[in-house]
Amino acid sequence: MIVVMKQGASQSQIEGVVNRIEELGKKVHLSRGEARTIIGVIGADEHMVNEANFEVMDGVERTMRVMQPYKLASRDFSHEDTVIDVNGVKIGGKKVAVIAGPCSVESREMIIETAHMVKEGGADILRGGAFKPRSSPYSFQGLGEEGLKYLAEAREATGLPIITEVMSVDEIDLVGEYTDIFQVGARNNQNYSLLKALGKTTKPVFLKRGTSGTIQELLMGAEYIMSNGNMQVIVCERGIRTYETATRNTFDVNALPLLKELTHLPVCADPAHGTGMANLVPAITKAAVAAGADLLMLEVHPDPKRAWSDGAQSLNPDSFAKLVNELGPLAQAVGRSL
Ligand code: PEP
Ligand code: MN
């Protein structure tokens, strides 16, 4: 249930509602928007709404039951878009933000060189996998902590915040020592122990859609993180498995405007994993901006042919810079900037 306070409701009126909710043994989530305060009651049921009579309390405008199974992630919970600030980079605002970098961190020199190149090309955030969820146990599994150290050095050298994947609960502390954003990969979209544990951290979580996951499952994943206390979640469309085998995945462009309707969380598009083919990435990136993506994730490698993972879908630094340039007017045409 959500309690919407009247515009200009006083602090003591807000506290009155919060105390009442806590007396009923429920958890509160307070969201102070510019116009009004919304109080989320976590785990409320209909019986309680009647019993508590929140609507007659001072300062309350109305109460609402959220019909979707995801509550905190739902658009009903916040009509305003959530904007996440990562070391000064805003995700979810008017400007479409860009994450770029290699699939995997391959060496110190490689990630620092790539970081400079993507920064030059217009990236806001640097990506790079140190713990890699590979389909084969015989493929390169990532450099682990060494890779995290190199990423941190690349941040130091360029000022770009970093994002990297965390695959299990026991890696959270280690990855959290280095990263600015935790990435949860498609294969872990329904790893609820991981999501709950990330909900107890204070860094933003970038949650990818499952390889065969529905939009509802994606938002329920976000709800797991949020209901454990961390409201800074970004959801990402990265392509889904369909009967089509001509491309690695099928990028679901429908998901972008639909997610913008269903949730207040920032929505990212990952055309590299969505297609698996670098030649398709520019067109799908443009489609994603036109369809309302708040954030883009692009794989960029200094020499894609030699990449240790996902070379076929990685742009080289020149094609990345060219693409970012082309996105500017497109973003403007849909009321955004880049
Ligand atoms: C990645 O971002 O390199 C990655 C492994 O992505 P996904 O989880 O979408 O497959
Ligand atoms: Mn990859």
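Residues numbered from 1 in each chain as written. Chains lettered and ligands numbered in written order. Predicted model: local features only at pLDDT ≥ 70, side-chain atom pairs only at ≥ 80, totals over all residues. Heavy atoms only, no water.

I would appreciate a short explanation of the overall build of the protein chain in the present structure.
Along its length, the protein chain carries eleven helices and 14 strands. Here the C-alpha coordinates of the protein chain stretch approximately 65 × 45 × 45 Å along the principal axes. Every one of the 338 residues in the protein chain was classed for burial, and the buried ones make up 54%. By sequence separation, contacts in the protein chain at least 24 residues apart represent 68% of the contacts at least 6 residues apart. On the protein chain, roughly 14400 Å² of surface is accessible, and the fraction owed to carbon and sulfur atoms is 49%. The centroid of the 35 positive side-chain charges in the protein chain is displaced by 2 Å from the centroid of its 42 negative side-chain charges. (Helix = DSSP H or I, 4+ residues; strand = E, 2+ residues; numbered from the N terminus. Buried < 20%, exposed > 50% of the residue type's maximum accessible area, 1.4 Å probe, protein only. Contact = heavy atoms within 4.5 Å. Areas by Shrake-Rupley, 256 points an atom, 1.4 Å probe, with all protein chains shown as cover. Lys, Arg positive; Asp, Glu negative; His and termini not counted. Charge placed at Lys NZ, Arg CZ, Asp CG, Glu CD.)

Honestly, the environment of N325 in this entry has me stumped. Any pointers?
Note on placement: N325 falls in helix α11 (residues 317-333). You can call N325 exposed: its relative accessible area is 61%. Taking the C-alpha atoms as reference, N325 lies 30 Å from K132; in sequence the two are 193 residues apart.

I'm lost on the sheet that holds strand β12 (residues 233-237) in this one. Help?
Adjacent strands of a sheet form backbone hydrogen bonds with each other and so pair up, either parallel or antiparallel. Around the barrel, which closes on itself, the eight strands sit in the order β7-β8-β9-β10-β11-β12-β13-β14 with parallel pairing between neighbours. Along the sheet, successive strands turn relative to each other by an average axial angle of 25°, direction set aside. Relative to strand β11 (residues 205-208), strand β10 (residues 181-184) is paired through three bridges, and the arrangement is parallel. Across the sheet, F182 pairs through a bridge with V205, a residue of β11. Contacting β13 (267-269) and β14 (295-299), helix α10 (residues 281-290) crosses the sheet at an angle of about 170° to β14. (Pairing = 2+ DSSP bridges. Axes fitted to C-alpha atoms, helices over the stretch in contact; angles between N-to-C directions.)

For this particular structure, what's the right way to read the packing of aromatic side chains?
The description of two aromatic rings rests on the distance between their centres and on the angle between their planes. All told, the structure shown has two aromatic pairs when counted by the stated rule. Consider the rings of F140 and W308, whose centres lie 4.9 Å apart with planes at 90°: the pair is edge-to-face. Remark: W308 occurs in the loop between β14 and α11 and F140 occurs in the loop between β8 (125-127) and α4 (145-158); sequence separation between them is 168 residues. On the numbers, 4.3 Å between centres and 25° between planes, the contact of Y192 with Y224 is stacked. Here the residue Y192 occupies a position in helix α6 (residues 192-199), and Y224 occupies one in helix α7 (residues 215-227), the gap between them amounting to 32 residues. Owing to a relative accessible area of 28%, Y192 belongs among the partly exposed residues under this scheme. (Phe/Tyr/Trp six-rings, centres within 6.5 Å; stacked < 30°, edge-to-face > 60°.)

Explain the coordination of the manganese ion (ligand 2) to me, please; I cannot follow it from the model alone.
Six octahedral donors around a metal ideally subtend angles of 90 or 180 degrees, whereas four tetrahedral donors ideally subtend 109.5 degrees. Only C103 (SG), H273 (NE2), E299 (OE) and D310 (OD) from the protein reach the manganese ion (ligand 2) as donors, at distances of 2.0 to 2.4 Å. In primary-sequence terms, the residues that donate to the manganese ion (ligand 2) follow C-x169-H-x25-E-x10-D. Taken together, the positions of H273 in helix α9 (residues 271-275) and E299 in strand β14 put the pair 26 residues apart, joining distant regions of the chain. A relative accessible area of 7% places H273 in the buried class. Accessibility expressed as a relative area gives 1% for E299, which makes it buried. (Donors = N, O, S within 2.8 Å, 3.2 Å for Na, K, Ca; no water.)

How should the site of ligand 1 be read in this particular structure?
In the vicinity of ligand 1 lie 13 residues, with R127, A186, R187, K208 and R238 positioned nearest. R187 is positioned such that a nitrogen or oxygen atom in its side chain is 2.9 Å from an oxygen atom of ligand 1. Here ligand 1 loses 97% of its free accessible area of 300 Å² to cover by the protein chains. Taken together, the residues of the shell around ligand 1 break down into three nonpolar, three polar and seven charged. (Near = heavy atom within 4 Å. Polar contact = N/O pair within 3.5 Å; in protein donor to acceptor, adjacent residues only side chain to side chain. Nonpolar A, V, L, I, M, F, W, Y, C, P; charged D, E, K, R; others polar.)

Help me understand the packing of α10 against α11, please; the structure alone is not making it clear to me.
Helix-helix packing is described using two parameters, namely the angle between the two axes and the distance between the axes. Closest axis-to-axis distance for the α10/α11 pair is 10 Å, and the angle between their directions is 25°. Classified by the angle their axes make, α10 and α11 are roughly parallel. In this structure, α10 meets α11 at a crossing whose hand is right-handed. Contacts between α10 and α11 involve P282, T285, K286, V289 and A290 from the former and L323, E326, L327, L330 and A331 from the latter. Residue classes in the contact of α10 with α11 are distributed as seven nonpolar, one polar and two charged. (Parallel < 35°, antiparallel > 145°, perpendicular 65-115°, else oblique. Left-handed = near helix turned anticlockwise from the far one by under 90°.)

Help me understand the environment of K90 in this model?
Mapped onto the elements, K90 comes out in strand β6 (residues 89-91). Exposure remark for K90: the relative accessible area of 47% places this residue in the partly exposed category. Distance in space between the C-alpha atoms of K90 and L295 is 9.7 Å, their sequence separation being 205 residues. Separated by 3.3 Å, the side chains of K90 and D85 make a polar contact.

I keep staring at the domain arrangement of the protein chain and nothing clicks. Help me out?
By a widespread convention, an interface's size corresponds to the accessible area lost as its parts come together. The domains assigned to the protein chain are domain 1 (2-64) and domain 2 (84-333). One C-alpha centre belongs to domain 1, the other to domain 2; they are set 36 Å apart. (Domains from an automatic or database assignment.)

I keep staring at helix α3 (residues 108-121) and nothing clicks. Help me out?
Structurally, the α-helix is built with 3.6 residues per turn, so residues lying three or four positions apart point the same way. If you check α3, its first and last C-alpha atoms are 20 Å apart, about what 14 residues at 1.5 Å a residue would give, namely 20 Å. Every buried residue of α3 is listed here: M110, I111, I112, T114, A115, V118 and G121. Residues of α3 that are buried in the fold lie against β7 (97-101), β8, α4 and α11. Once α3 ends, the next one or two residues include G122, with phi positive near 115°. (Expected span 1.5 Å × (residues − 1).)

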